[in-house]
Amino acid sequence: MSAPAQAAPSRRDADGLAVASFVLGLVGLLVMNLLLGPAAIVMAFVALARSTTRRTRAFLGLALGVADLVVLAFLVTGNGVVAWSFGG
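Everything numeric in this text was worked out from a predicted model, so none of it was measured.

About the cut-offs
- Residues numbered from 1 in each chain as written.
- Predicted model: local features only at pLDDT ≥ 70, side-chain atom pairs only at ≥ 80, totals over all residues.
- Heavy atoms only, no water.
- Helix = DSSP H or I, 4+ residues; strand = E, 2+ residues; numbered from the N terminus.
- Buried < 20%, exposed > 50% of the residue type's maximum accessible area, 1.4 Å probe, protein only.
- Contact = heavy atoms within 4.5 Å.
- pLDDT = per-residue confidence, 0-100.
- Expected span 1.5 Å × (residues − 1).
- Arc of directions from axis to C-beta.
- Axes fitted to C-alpha atoms, helices over the stretch in contact; angles between N-to-C directions.
- Parallel < 35°, antiparallel > 145°, perpendicular 65-115°, else oblique.
- Left-handed = near helix turned anticlockwise from the far one by under 90°.
- Nonpolar A, V, L, I, M, F, W, Y, C, P; charged D, E, K, R; others polar.

1. Here's the deal with the overall build of the protein
Alright, step 1. What the protein contains, in helices and strands, is three helices and zero strands.
Alright, step 2. Listing each helix as α and each strand as β along the protein from the N terminus yields α-α-α.
Alright, step 3. Counting every position in the protein, which comprises 88 residues, the buried fraction comes to 26%.
Alright, step 4. Taking the contacts inside the protein whose residues are at least 6 apart along the sequence as the reference set, 68% of them involve residues at least 24 apart.

Quick look at the structure:
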């Protein structure tokens, strides 16, 4: 008897990861970009690796995750701290 073949990851799961990556990247532009940016990047890569049908959303999540880290780097160099606020 042969071992049962492992089931391929569901495309629905990959589509969900693509959407989650997009949402986390978008929210990360406003708050917690240190955590949400890398999470969006990882989820986008996983969704693309699993052949999501929502490739555009996964690429947008990837771009927004990178933008989160760029915004964080800009704010850290400007303020000298990782925390920032909207107040003057």
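This is not the end of the story, as more comes after the structure.
2. Description of the confidence of the model for the protein
Alright, step 1. For the protein, per-residue confidence averages 83 on the pLDDT scale, and 78% of positions sit at 70 or higher.
Alright, step 2. The secondary-structure element of the protein with the lowest mean pLDDT is helix α3 (residues 55-79), recorded at 90, while helix α2 (residues 33-49) shows the highest, at 93.

3. Details of helix α1 (residues 11-28)
Alright, step 1. Here α1 contains 18 residues, and its C-alpha end-to-end distance of 25 Å stays within 8% of the 26 Å for a straight helix at 1.5 Å per residue.
Alright, step 2. Every buried residue of α1 is listed here: Ala14, Asp15, Ala18, Ser21, Gly25 and Gly28. An end-on view of α1 places all buried positions within 165 degrees of arc, on one side of the element.

4. A word on the packing of α1 against α2
Alright, step 1. Packing of α1 against α2 brings their axes to within 8 Å, and their N-to-C directions diverge by 155 degrees. Considered as vectors, α1 and α2 are oriented roughly antiparallel to each other. Like other packed secondary-structure pairs, α1 and α2 cross with a definite hand, here left-handed. Of α2, the residues touching α1 (which contributes Ala14, Leu17, Ala18, Ala20, Ser21, Leu24, Gly25, Val27 and Gly28) are Asn33, Leu36, Ala39, Ala40, Met43, Ala44, Val46 and Ala47.
Alright, step 2. Looking at the contact of α1 with α2 residue by residue, the classes come out as 13 nonpolar, four polar and no charged.

5. Section: the environment of Ala18
Alright, step 1. Following the sequence through the fold, Ala18 ends up in helix α1.
Alright, step 2. Residues Ala18 and Met43, 25 residues apart in the sequence, show an inter-C-alpha distance of 6.7 Å.
Alright, step 3. Those residues within four positions of Ala18 in sequence are excluded, and the remaining contacts are Ala47, Thr52, Arg54, Arg57 and Ala58.

6. Remarks on unusual backbone geometry
Most of the time, phi is negative for any residue but glycine, and the peptide bond is trans.
Alright, step 1. At Met32, a position not held by glycine, the phi torsion is positive, near 50 degrees.
Alright, step 2. Counting through the fold element by element, Met32 comes out in the loop between α1 and α2.
Alright, step 3. Classification of Met32 as exposed rests on a relative accessible area of 53%.
Alright, step 4. Non-glycine residue Ser51 carries a positive phi angle of around 60 degrees.
Alright, step 5. Within the secondary structure, Ser51 is located in the loop between α2 and α3.

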